[in-house]
Amino acid sequence: MSASEILPIIPRPVDAESLEGAPFVLAPGARVSVAGVGAAHVADLLVAELASDCRRDLAVVHEPPAHGDIAIVIADDETSEADRAEGYSLAVTAEGVRIGAASAAGAFWGVQSLRQLIPVECASDPLTIRPLIVRDHPRFGYRGAMLDVARHFFAPDEVKRFIDAIVLLKVNHLHLHLTDDQGWRIHIESWPELTAHGASTGSDGSAGGFYTHDEFRSIVEYAADRFVTIVPELDMPGHTNAALASYPELNASGVAPALYTGSNVGFSTLLVDDETTDRFIDDVVREVASLTPGPYLHIGGDECLSTSADDFLRFIAKATAIVASHGKTPAGWHEMGKSADLPEGTVGQYWDFTVPRGSSADEALSFVRQGGAVIMSPSNAVYLDIVYDEGDAIGQDWADGPTTIRDAYLWDPSRIVPGLGDAHILGVEAPVWTETIATIGEVERMVFPRLAAVAEVGWSTAPADTEPVEAARDFDGFAGRLAALGEHWSAAGTEFRRVPEIPWRESVRA
Ligand code: TNX
């Protein structure tokens, strides 16, 4: 077993080595020394963690480190040129801790590795860390999680808590599924009934809710401070009952349907080639684009079972063009690849799990033919609303479910669609759909520990392609590191499922 598999860090770093010698001890008076653009911001986040987790109060200083300090250094030559966006190094010796990166994001990921190495008892015991050196960078630039706030609504503070939990795994995109049949969750000034009426309930008759523009901006800012890009999704033309229920004029009949609180999919559609609908799309996309600094605006396009094939193609061509006209790169589920009229660079999200792959594979490749790339979300591995085990009370059981922690770990993005390799894969994303999931604690127990597996698939070096993926990935090594991470989740109050495949420490048993 190589040293990188022994150090308890998830995702597994590219290179990691334990060193001989005395450990680092965080002594009273230790400081965080910063140099370079963005280092002070990352230091502030580290200081806040050390204060809340370990009851240590460290000053941030703009001067070279003294013995026993933690240094954060941001400069171009801290990583190789290829790794400047997010790579980092982490060195721990008796002399001090040093995180080096070419970007603030890289330094922040270095801090996440450091946090996992700090003993959870750090508040009462001396804080010591074994000597080691890590050099690390991600395989993919896009590591995502998706939270469905449409079926069950989650308040801004709950979303921020979720962001805190995903960054520990170096997940850097949060896709918010903002609209669906059961609810419309973002205020639109020019179409106020979308939230006045369309946000008033949710799955199972739950209370509903929505984000004001200020609340949405506060989520975007909180995420950006932690190097997470928010990807907003307005799902269309299907999954639109909440909008149709809010405005009669969006319906062919001129009559608004009732709000919907069930779990069926595929029964709703926007009109196609309709002036009111066109104005609606332009307005909602414009407002959400204006709230979104990130490059992507996701418009769904999935499961349009009530839209004819021709209508679907015309709709997608028009809606993606509208997204591009508001300065955003369109993203959508793989069905959107049926269209050969996508704006250059449109991103597809692949969710199929059936083998042989059939038409979905061609739809995925269609994004590449049109100058875009694909996010891999094979539903049998990464749909985190799928039950862990037969008979679970919460979760859905399709997509080859149950989905165990092994299923979430033993797959590879470049082995899903023939002809779709790393060069055309933007990254990976794990969605959690919430028809059956009502509280943020339930969300966390579905997401963790499986998101740790998906995060490692997206970050860590690709397994040798000479072997089957089950042999190429070391599940036992991952399980050992995950057991250590469980202690951190317990200490942080992050809920997670104690799946039986993992040798959780006694201290984290429920
Ligand atoms: C499929 S696959 C959906 C969602 C459901 C989910 C439930 C895809 C893009 N859409 O509408 O919530 O299954 O697991």
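All figures in this text were calculated on a predicted structure; none of them were measured in a lab.

Undergrad: Just checking my understanding: could you explain the packing of aromatic side chains for this structure?
TA: Aromatic rings in a pair are described by how distant their centres are and how their planes are angled relative to each other. The tally for this structure, following the rule as stated, stands at 20 aromatic pairs. Put simply, the rings of Trp333, Trp351, Phe353, Tyr383, Trp398 and Trp433 pair up and form one aromatic cluster. Here Arg406 stacks its cationic end above the ring of Phe475, 4.2 Å away from the centre of that ring. If you follow Arg473 out to its NZ or CZ, it ends over the ring of Tyr409, 5.7 Å from the centre.

Undergrad: I keep staring at the pattern of salt bridges and nothing clicks. Help me out?
TA: Oppositely charged side chains can pair when the atoms bearing their charge come close. This structure, assessed with the given rule, holds 25 salt bridges. When the shortest N-O distance is used, the salt bridge between Arg115 and Glu49 registers 3.2 Å. With Arg115 in helix H3 (residues 104–117) and Glu49 in helix H2 (residues 39–54), this pair connects stretches of sequence that are 66 residues apart. Across the pair Asp283 and Arg286 runs a salt bridge, and its minimum N-O distance is 2.5 Å. A residue pair is termed a helical-turn pair when its members lie 3 or 4 positions apart in one helix, as Asp283 and Arg286 do in helix H8 (residues 275–290) at three residues.

Undergrad: Hey, could you run me through the state of the cysteines in this one?
TA: Defined simply, a disulfide is a covalent bond joining two cysteines at their sulfur atoms. Here the structure, examined in full by the defined rule, presents one disulfide. Linked covalently through their sulfurs, Cys54 and Cys122 form a disulfide whose S-S length is 2.0 Å. Classification of the bridge connecting Cys54 and Cys122 rests on its S-S torsion, roughly -80 degrees, and on that basis the disulfide is left-handed. Linking Cys54 in helix H2 with Cys122 in the loop between H3 and strand S8 (128–129), this pair joins segments that are 68 residues apart in sequence. Here the two residues Cys54 and Cys122 agree in accessibility, since each one is buried.

Undergrad: I'm lost on the site of the ligand in this one. Help?
TA: Around the ligand, a shell composed of 13 residues is seen, among which Arg151, Tyr383, Asp385, Trp398 and Glu435 lie nearest. A distance of 3.1 Å separates a nitrogen atom of the ligand from a polar side-chain atom of Asp302. Here Glu435 contributes a side-chain N or O atom positioned 2.6 Å from an oxygen atom of the ligand. If the ligand stood free it would expose 370 Å²; the protein chains cover 98% of that surface. Of the residues in the shell around the ligand, the class split is six nonpolar, two polar and five charged.

Parameters at a glance
Residues numbered from 1 in each chain as written. Predicted model: local features only at pLDDT ≥ 70, side-chain atom pairs only at ≥ 80, totals over all residues. Heavy atoms only, no water. Phe/Tyr/Trp six-rings, centres within 6.5 Å; stacked < 30°, edge-to-face > 60°. Lys NZ or Arg CZ within 6 Å of the ring centre and 35° of its normal. Salt bridge = Lys/Arg side-chain N within 4 Å of Asp/Glu carboxyl O. Helix = DSSP H or I, 4+ residues; strand = E, 2+ residues; numbered from the N terminus. Disulfide = S-S within 2.5 Å. Buried < 20%, exposed > 50% of the residue type's maximum accessible area, 1.4 Å probe, protein only. Near = heavy atom within 4 Å. Polar contact = N/O pair within 3.5 Å; in protein donor to acceptor, adjacent residues only side chain to side chain. Areas by Shrake-Rupley, 256 points an atom, 1.4 Å probe, with all protein chains shown as cover. Nonpolar A, V, L, I, M, F, W, Y, C, P; charged D, E, K, R; others polar.

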